Amino acid sequence: MNMRFYRTTMKEEGNSANRPSNTAFTQQRLPAWQPMLSAGVVIPGFLLIGLAFIGIGVGLLITSRSIQVLELDYTGTETSSPCYQCTMSNQSNCVCKLSFSIGTLFKGPVFFYYGLTNYFQNQRKYGVSKDFNQLIGDVSYFKSPSSDCQPYQRVNGKPIVPCGAIANSMFNDTFKLYQIINGKEELVPFDGKGIAWWTDYNIKYRNPDYTPLKNAFNDTEKPVFWTKPAYELDTSDASNNGFINQDFLVWMRRAALPNFRKLYRRITEGNYKDGLPAGNYSLEISYNYPVISFEGTKKVTFSNVSWMGGQNEFLGIAYLVIGSMCVVMSVVMLIVYAKFRFPEED
Amino acid sequence: MHSLKLPFHIHRERLPRKRIVGPSFAEDEDLKKVLKSYQSNKIRTTKYSFLSFLPKNLFEQLHRIANIYFIFLAALNFVPVVEAFQPEVSLVPIVLVLSVTAIKDVFEDFRRFHSDRLVNRQLCDLYSSAQKDYVDCCWKDVRVGDFVRLSCNEIIPADMVLLYSSDPRGVCYIETANLDGETNLKQRQVVGFAPQSDSQFSPENFHSRIECENPNNDLNRFRGFIEHASGVRVGLHSSNVLLRSCTIRNTETVIGIVVYAGHETKAMMNNSGPRYKRSLLERRLNRDILWCVALLIVMCLIAAVGHGLWLKNLKDPIFQVDGEMSPALAAFYVFWTMIIVLQVLIPISLYVSIEIVKLGQIYFIHNDLDMYNEEQDSRIQCRALNITEDLGQIQYVFSDKTGTLTENKMVFRRCSIFGVEYPHEENARRLAVYEEDPNRGASRTVTLKSACSRKSLTCRSLSCNRSSVSLHTLTAESGEEDQLSSHPQAKTDVVPDPALEKKLNSLCSSLLHLSDGLFKTTSNLELTYITDFFLALTICNTVVVSSPGQPRHVVSGPARTPLKSLEEIKVMFQRLSFSPFTTMSTPQMKSSPRSFTSRLFIRGKSGSLTFPTPTNNSPSCPNPEPESYEETNGSSGEDSEDELLYEAESPDEAALVHAARAYHCTLRARSPENLLVELPGIGSLPVRLLHVLPFDSNRKRMSVVVRHPLTGELVVYTKGADSVIMDLAERPKGRKAPSAELYSHIREQTQKHLDAYAREGLRTLCIAKKVLEEEEYDVWMKRQLLAESSIENREELLLESAQRLETNLTLLGSTGIVDRLQEEVPETIEALQRAGIKVWVLTGDKQETAINIANACKLLRSSDQLLTANCDNKDACAALLNELIVEVQCGQEGVSEQREDPSSGSTGFILAIDGRTLDWALQEDLRSSFLELSRKCKAVLCCRSTPLQKSKVVQLVRDHLRVMTLAVGDGANDVSMIQVADVGIGISGQEGMQAVMSSDFAIPRFHHLRKLLLVHGHWCYHRLANMILYFFYKNVMYVNLLFWYQFFCGFSGSVMINSWVLILFNLLFTSVPPLIYGVLDQDTAADALEEHPELYQAVYVPSIFWITILDAFYQSCICFFIPYFALAGSDVDGLSFGSPINTSALFIILLHQVIESHTLTWIHALVLFLSAASYFAFVLLFSTFCIVCSHPTNLLGVEPRQLSTPLFYVICAVTTVTALIPRIFFRSLFNTVHPSALLTKDQRQEAASESYRRRMQRWNQNHARTGLPVCADNPGLVPGQEEVLS
């Protein structure tokens, strides 16, 4: 690219009232850089970008390949599935067990996700359907929830807390992971702390300032799909109860796309600090959440993470493709340039 | 042709209803009531008052369809079932747009308010009946019927009828510069009302009633009468009226009664403010917006249908909110929701942005130093604010000739009297030398300094002298003085032709020395012709004489004593008037000249002008030797004479008076009824001026009726266009053979000379006279008075009356006046033609003159073929047109065959068509062939065209060829053309401001057109066109991101971007860079554009819009799907998903701008940086501090978290690069394959101009050898006649 500077021509000033002022600005002669897109500029530019992208792409691919992922579908649509019987009738507290084995060490920390497909958490009306003020712990909104929550605003004349479709449809399958060591089941400890966003846990969601928490919920109903009220989500840990329950927070942060996974637990403790060792495992699922009606699926995912998040081949490939395209383009430009012999303005 | 003003009626007059005015302190209650009903003198040009602003401004803004659309959208968002954002979010855009516009309006209105207040608070002397005296009073308190006293140099506060002037002759001088820009003084006359003109005027004694027409905007017309208490009615006309905002000059005190005040004054009614035109681009823009609307509807329909299908296929999902709603209804609601969500697709801020950008462009045009004229101290005026980009698409330029291409500064060149040509060789030489000067001198522009336009009027004391220069003293500016001193006389002065001078001198010498040999060679008849000719030159005009040395404007200076032999001369003239072909007239005057003089003055009504009794008896007849003029000139006796200042309404008048003066026929003084004329060898003579029939463009002539100072006969002197005068001049029929022969010989000779003058490029005028019988005059006089005093159709009556008088004229001779080309006119025309603009010249001049000028300004080259079209009837015209078309076709084929020499490509056809033929050609059935012919021609000259024809031609071309037209002119006769054209340009030159006032842009000189069109026009067009494209691109690109998301959220209308960010993205974060781009971008440097006018013709293909839209689609796809695939299946939440998309979009949109920009200055850099910074600042602040706001797209915690994730940057980088790479690639590929148009053109052009210069040199040499007359205008560029017509 060529730099071009204009010089203002100075004329002697007369005593003329109407004479426009002779400045670089008013005469439109400001020093200007002219981004002429010529071959001479673009060839090295493309080459440089291309090479850089290929480099990044290789790095991304390697990183992505190094991530281990284990996905297990437990929807139970197929008869062979251990959870098949849970889909049959509307029996409550159906428990099914999923067995799997890991060949090599699954490096820690291992993240344990549950995943749903064909689930539109990003639907507009669904997304609107909650009451911020309730969730920030404002008790006055417990009595009269926002109309946004319709049709999950009231039940039997009583206000629902937390109201709205998002809270109402909270994912309620629970999981327990056992490693089978010598035929015996050993519980793999799950770490449920800090799986939600810091801002959600500390700022956006607050429990009302009541002790016991239950008192704040007088004259309110629990969401219709819920089996227990909000103040009983985790009675063992006050800092994980009510609206600041981690699972609740994770659920309330709506997924961007209809096929998503959400963090359920992390495996960071005890013998499993360095990951899941090779061996046989059994996942005990308390199967509650209905997805078959809308042709959705449920799955669990074990994954470890890198600096770029979970496993993703796409980005690495994209970088490689774009990078090599840039290189190809610069070669094309070079050929064209040689053919037309564009005189470079110097 | 003549350049006097003519009234141009913009509005056909309405039914004449009358207004009655009387003294405001009259007891008459009815009159008082009537007077009260008239508007006061307070002016208010503001649109709004403090209270009315909000409703009125809102109401006005709501008239725009775009605003209504956005209000509809805002309202839609308040409907709960379809609402997409929180209601207040969707109010933001419309409120922002409305308030920006409102602020702009307030600002403009405040400026108007401020200037109104200044004007309203000016003081003037108003007569108060209570105090019986004049008291100071604000302008705004002046009412109709008030008496206002004004002193010298005061500005007139309202339109008034002049009742009293301190001038003993009852005249007053005003300068109308504020009104129409004319700086010459105009004379106004006290209403002729008998009783008390001598005594001091007292309003108390005024009991007359004025009846006049209702307010109108015609500056040159005032019709009415004043009815005195006695019942006598005296007609009023425009010379009795002092118009608001003119300035009193050269008169101590005047008193007038206000007839129109405030907004009803002519000045205010003419002040229409800036013009609003819709530019072509804006019209195209509306079409593109309609496409966007269509696109929006399609996208919303897709979403609606998609949502309906999606809902239908869902079977009772747990995330369903209201399952009862039928899919069809839900789809219907979604349609409207999507309209709200995707509203950004219609660029809401585009209209406001365009307005702002145009203001910026106007600012830069207005401030361009290259379009500043030092001599006039004037710069370009932009009167229309919204058609800047039309300047960049002009295809046809229609130009006036006089004053536009030429200077309109006339210098007498040569004349022919009695059929004898006086070539004035010396004069020609001097003019030529003068013309050459600038090339030797330091600066080229110095020669063109117009002293006339820069004269400053100053008043010393009450006596009101005009201390500065006037037309005849084109003062040399500092650097030029040395050169000028070598010339014997000032520039406008004329070097007399020796032969003519000899003959003229023989007039006096023959009387002094009757035996002189000269007398024998010059017949008495010829001598009377010559005398009459110069007398006509001296008196047949409206020139105002003033002298800086005298307190009064009229010079009553040392009158030359009439000779002792005056009696003899008189006898000679009387004897000569018995000439066989002039009508016999009995000598009316038996008394001595002195008693004749006194009798004249007694008859004069004012009677106040008394010329000092001649005391000096020494004859001042110039030495009969031809060389003597130089000595005489140097002698002290001439000094006082040199100080005479002539103020003429048109430059050719002044030129003729100066010419006469060179022959010692000097106009020494003028009063309304008398002229003091000095004749060589006779001395000062008073001439009784009976009538002036002023110039108008229909008659194309003016006449004066005088009593001849020597013979005492009533004589009509007429001066006018040769075609008219030649027709009016009597034909020698049925008369005695020898005189008829002589007369037809004179006619023939004169016609021959006229043709030669015209070929030489001179402006020709004919001078004729007629001797009136007393009875004849009396009859005519009655009709004339009747016409003058009538209110209705006065113009027609006056015209008819004048035509009755101007018949059977005797042709005296003709004059040729040089009108120099303005500087750089040939270069400008050449540049315009190279830019692909066709230049037509529409002139009232003769065909020969027009062709010559065309030659001089390179419109017509030696290689071009000239086609002339002069027909007498329609059939001939039709045949001729067809014939010419065939000829042109043959010619063009011939040219295209021998195309091997690139420089011969300039061969073209020039059509010269005269007014009469043009009339036929403009008729319905011949139009198409005329257009076809003219389209094939390189240029067209329309000669002898009337103002109406000019506008018709422009209209025809504009409407039928569907091209962008520009009309440029300087005079009132160009007004209609200027108004009809898409872009009207006025030259703010010599001829008043009417053209300027009706124009869109006013430039000081013609050559400014070059930069205005080629540089500013080109820039403005490219800037605006690109900015608009960019706006569409930006909106389509951004909105599509939301559209793609609909495919993944069940078409439910949800968004992954915070709604505030969504709305403000277009309004704030990315709105300023395009504005800067639209104001500052320079696709090509100014000097390159000027050097290579071909660059002007960059054509815009309509497909560029669709290419842009396609690119926007591509970019939005990349910008959405790369993050999509990168994040699909992960635990990303909605807003975190939107964050990299939005950030990439910001970068893509800003960098796209950088790619599109041709220049980047620090301003660009700063604005780009601030735009990006404002986005990040906003989202970061929003996601830190906004806890419960903007549900459901609450950003809390999103952005800081994203910005700390490496993945975010990885995604943004690849997205931005991928989105922009195709554009960069194709751009650079294009630049490489089509190496900058500029460079190749450069080389081609160099060769062409080189060969042209060589050709011109060769040609010049040839012509120098053949010794053809070389035009002083443009030495070396005027080919001989045979060449032109070949």
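Residues numbered from 1 in each chain as written. Chains lettered and ligands numbered in written order. Predicted model: local features only at pLDDT ≥ 70, side-chain atom pairs only at ≥ 80, totals over all residues. Heavy atoms only, no water.

Draft legend 1. Expanded view of the overall build of chain B. Counting its regular elements, chain B contains 43 helices and 35 strands. A separation of at least 24 residues holds for 76% of the contacts in chain B among residues at least 6 apart in sequence. Only carbon and sulfur atoms are counted for the fraction: they give 58% of the accessible area of chain B, which is about 48800 Å². (Helix = DSSP H or I, 4+ residues; strand = E, 2+ residues; numbered from the N terminus. Contact = heavy atoms within 4.5 Å. Areas by Shrake-Rupley, 256 points an atom, 1.4 Å probe, with all protein chains shown as cover.)

Draft legend 2. Up close: the sheet that holds strand β4 (residues 147-151) of chain B. Residues and elements named next belong to chain B. Judged by pairing direction, the sheet is antiparallel, and its 6 strands sit side by side in the order β3-β2-β4-β13-β5-β11 without closing on themselves. Whereas interior strands pair on both sides, the edge strands pair on one side only; in this sheet they are β3 (133-138) and β11 (241-242). Here 2 bridges tie strand β5 (residues 159-165) to β11, and the two strands are oriented antiparallel to one another. Counted as the bridge partner of V161 is V241 from β11. (Pairing = 2+ DSSP bridges.)

Draft legend 3. Representation of the packing of aromatic side chains in the model. One pass over the structure, following the stated rule, counts 87 aromatic pairs over all chains. For the pair F175 of chain A and Y264 of chain A, a centre-to-centre distance of 5.0 Å together with 85° between the ring planes defines the contact as edge-to-face. A residue pair is termed long-range when its members are at least 10 positions apart, and F175 of chain A in strand β9 (residues 174-181) and Y264 of chain A in strand β11 (residues 260-267) qualify at 89 residues. Accessibility expressed as a relative area gives 4% for F175 of chain A, which makes it buried. Relative accessible area serves as the criterion here: at 6%, Y264 of chain A is assigned to the buried category. Judged by centre distance (5.5 Å) and plane angle (55°), the ring pair of F1069 of chain B and F1178 of chain B falls under tilted. Taken as a pair, F1069 of chain B in helix α34 (residues 1059-1069) and F1178 of chain B in helix α39 (residues 1162-1185) lie far apart in primary sequence, 109 residues in all. One Lys or Arg, R261 of chain A, reaches over the ring of Y113 of chain A and ends 4.3 Å from the middle of that ring. (Phe/Tyr/Trp six-rings, centres within 6.5 Å; stacked < 30°, edge-to-face > 60°. Buried < 20%, exposed > 50% of the residue type's maximum accessible area, 1.4 Å probe, protein only. Lys NZ or Arg CZ within 6 Å of the ring centre and 35° of its normal.)

Draft legend 4. Representation of empty space enclosed by the protein in the model. In this structure, the largest cavity occupies an estimated 230 Å³ of space. Along the walls of the largest cavity sit 22 residues, with R253 and R254 of chain A together with D1133, L1135 and P1192 of chain B positioned nearest its centre. Those elements giving two or more residues to the lining of the largest cavity turn out to be α7 (198-204) and α8 (246-252) of chain A together with α38 (1134-1156) of chain B. In terms of residue class, the lining of the largest cavity is made up of 11 nonpolar, 5 polar and 6 charged. (1 Å grid on protein atoms, 1.4 Å probe; cavity = no way out; pocket = protein on both sides within 12 Å on 5 of 7 lines; lining within 4 Å. Points joined across faces, edges and corners; volume = space filled by probe spheres on them. Nonpolar A, V, L, I, M, F, W, Y, C, P; charged D, E, K, R; others polar.)

Draft legend 5. Spatial organisation of the interface of chain A and chain B. With 82 residues of chain A at the contact, the number on the chain B side is 93 residues. When the two sides are added together, the surface that chain A and chain B hide from each other amounts to roughly 7800 Å², 65% of it contributed by carbon and sulfur. Area buried by chain A at its contact with chain B is led by Q28, L37 and R124 of chain A, which between them contribute 11% of it. Taken together, chain A and chain B are joined by 2 salt bridges. For D1133 of chain B, the salt bridge identified is with R253 of chain A, shortest N-O distance 2.9 Å. Between the two partners, chain A and chain B, sit 15 residue pairs in polar contact (both at pLDDT 80 or more). With 11 residues, the top contributor of residues to the side of chain A that touches chain B is helix α9 (residues 313-340) of chain A. (Buried area = accessible area lost by both parts, 1.4 Å probe. Salt bridge = Lys/Arg side-chain N within 4 Å of Asp/Glu carboxyl O. Polar contact = N/O pair within 3.5 Å; in protein donor to acceptor, adjacent residues only side chain to side chain.)

Draft legend 6. Inspection of the UniProt feature "domain: P-type ATPase N-terminal" (unreviewed entry) in chain B at higher detail. The UniProt record annotates "domain: P-type ATPase N-terminal" (unreviewed entry) at residues 35-89 of chain B. When the span residues 35-89 of chain B is considered, its composition is 49% helix and 0% strand, and the gap between its end C-alpha atoms is 56 Å. (UniProt positions renumbered as here; feature names shortened; annotations may be inferred.)

Draft legend 7. Expanded view of the state of the cysteines. Residue and element names in this part refer to chain A. Under the defined criterion, the tally for this structure stands at 4 disulfides over all chains. Between the sulfur atoms of C86 and its disulfide mate C94 the distance is 1.6 Å. Across the disulfide from C86 to C94, rotation about the S-S bond amounts to roughly -75°, and the bridge is consequently left-handed. With a sulfur-sulfur separation of 1.9 Å, C149 is cross-linked through a disulfide to C163. With C149 in the loop between α5 (140-143) and β7 (154-155) and C163 in the loop between β8 (158-159) and α6 (165-168), this pair connects stretches of sequence that are 14 residues apart. You'll find C149 and C163 in the same group, each marked buried. With its disulfide-bonded cysteines labelled consecutively along the sequence, chain A is connected as 1-4, 2-3, 5-6. (Disulfide = S-S within 2.5 Å.)

Draft legend 8. Looking closely at the nonpolar core. Ranked by size, the top nonpolar core spans 142 residues in total, and within it L342, F1120 and F1137 of chain B carry the most contacts. In terms of residue count, helix α33 (residues 1008-1046) of chain B provides more of this core than any other element does, 19 residues in total. F1120 of chain B has contacts with L1041, W1044, Y1045, F1048, M1056, F1137 and I1141 of chain B, leaving out every residue within four places of it along the chain. Core analysis: the next-biggest nonpolar cluster, separate from the first, contains 78 residues, V110, I160, Y281 and V291 of chain A among them. (Core = buried A, V, L, I, M, F, W, Y, C linked by side-chain atoms within 4.5 Å.)

Draft legend 9. Focus on the sheet that holds β11 of chain A. Residue and element names in this part refer to chain A. An order of β3-β14-β6-β11 is seen for the 4 strands of this open sheet, with the pairing classed as antiparallel. Strands with a single pairing partner mark the edges of an open sheet, and in this sheet they are β3 (69-73) and β11. Taking each pair of neighbouring strands and ignoring which way they run, the sheet shows an average axis angle of 20°. In terms of strand pairing, strand β6 (residues 110-116) meets β11 through 7 bridges, oriented antiparallel. (Axes fitted to C-alpha atoms, helices over the stretch in contact; angles between N-to-C directions.)

Draft legend 10. Representation of the side chain of K358 of chain B within the structure. All names here are of chain B. For K358, the position within the fold is in helix α9 (residues 350-366). The buried category is assigned to K358, whose relative accessible area is 3%. Separated by 3.4 Å, the side chains of K358 and E389 make a polar contact. Other than its neighbours up to four places away in sequence, K358 contacts S279, E282, L385, N386, T388, E389 and L1024.

Draft legend 11. Seen up close, the pattern of salt bridges. Residues and elements named next belong to chain B. Per the counting criterion, the structure on display carries 43 salt bridges over all chains. A salt bridge links K950 to D400, with the shortest nitrogen-to-oxygen separation between them at 3.1 Å. Pair noted here: K950 is in helix α30 (residues 947-960) and D400 is in the loop between β17 (396-399) and β18 (406-417), with a separation of 550 residues, a long-range link. Among the residues examined, K950 registers a relative accessible area of 1% and is labelled buried. Since its relative accessible area comes to 4%, D400 is described here as buried. When salt bridges with common partners are traced through the structure, they connect R209, E211, E227 and R233 into a single cluster.

Draft legend 12. Highlighting a nonpolar patch on the surface. There is a patch of nonpolar side chains on the surface, built from L96, V100, I356 and L1068 of chain B and spanning about 280 Å² of accessible area. Inspection of the secondary structure puts V100 of chain B in helix α4 (residues 87-120). (Patch = residues over 30% accessible without salt bridge, like charges linked within 9 Å, V, L, I, M, F, W, Y side chains within 5 Å.)

Draft legend 13. How the structure looks around the packing of α33 of chain B against α38 of chain B. Residues and elements named next belong to chain B. Between α33 and α38, the least distance of the axes is 11 Å, while the angle of their chain directions is 165°. For the element pair α33 / α38, the angle class is roughly antiparallel. Every pair of crossing elements has a handedness; the one defined by α33 and α38 is right-handed. Residues Y1030, Y1033, K1034, M1037, Y1038, L1041 and Y1045 of α33 form the contact with α38, whose own contacting residues are F1137, I1141, N1142, A1145, I1148, I1149, L1150, H1152 and Q1153. Of the residues in the contact of α33 with α38, the class split is 12 nonpolar, 3 polar and 1 charged. (Parallel < 35°, antiparallel > 145°, perpendicular 65-115°, else oblique. Left-handed = near helix turned anticlockwise from the far one by under 90°.)

Draft legend 14. Representation of the environment of F85 of chain B within the structure. All names here are of chain B. Structurally, F85 is set in the loop between α3 (65-76) and α4. With a relative accessible area of 5%, F85 lands in the buried category. In this structure, the C-alpha to C-alpha distance between F85 and I340, residues 255 residues apart in sequence, is 8.3 Å. When neighbours within four sequence positions are excluded, F85 is seen to be in contact with N77, I340, V341, Q343, V1055, S1059, L1062 and I1063.

Draft legend 15. Spotlight on the UniProt feature "active site" (unreviewed entry) in chain B. Residues and elements named next belong to chain B. When the UniProt feature table is mapped onto this chain numbering, "active site" (unreviewed entry) sits at D400. Those residues within four positions of D400 in sequence are excluded, and the remaining contacts are L405, L842, K950, V968, G969, D970, D974 and M977. A polar contact is formed between the side chain of D400 and the side chain of T404, at a distance of 3.3 Å.

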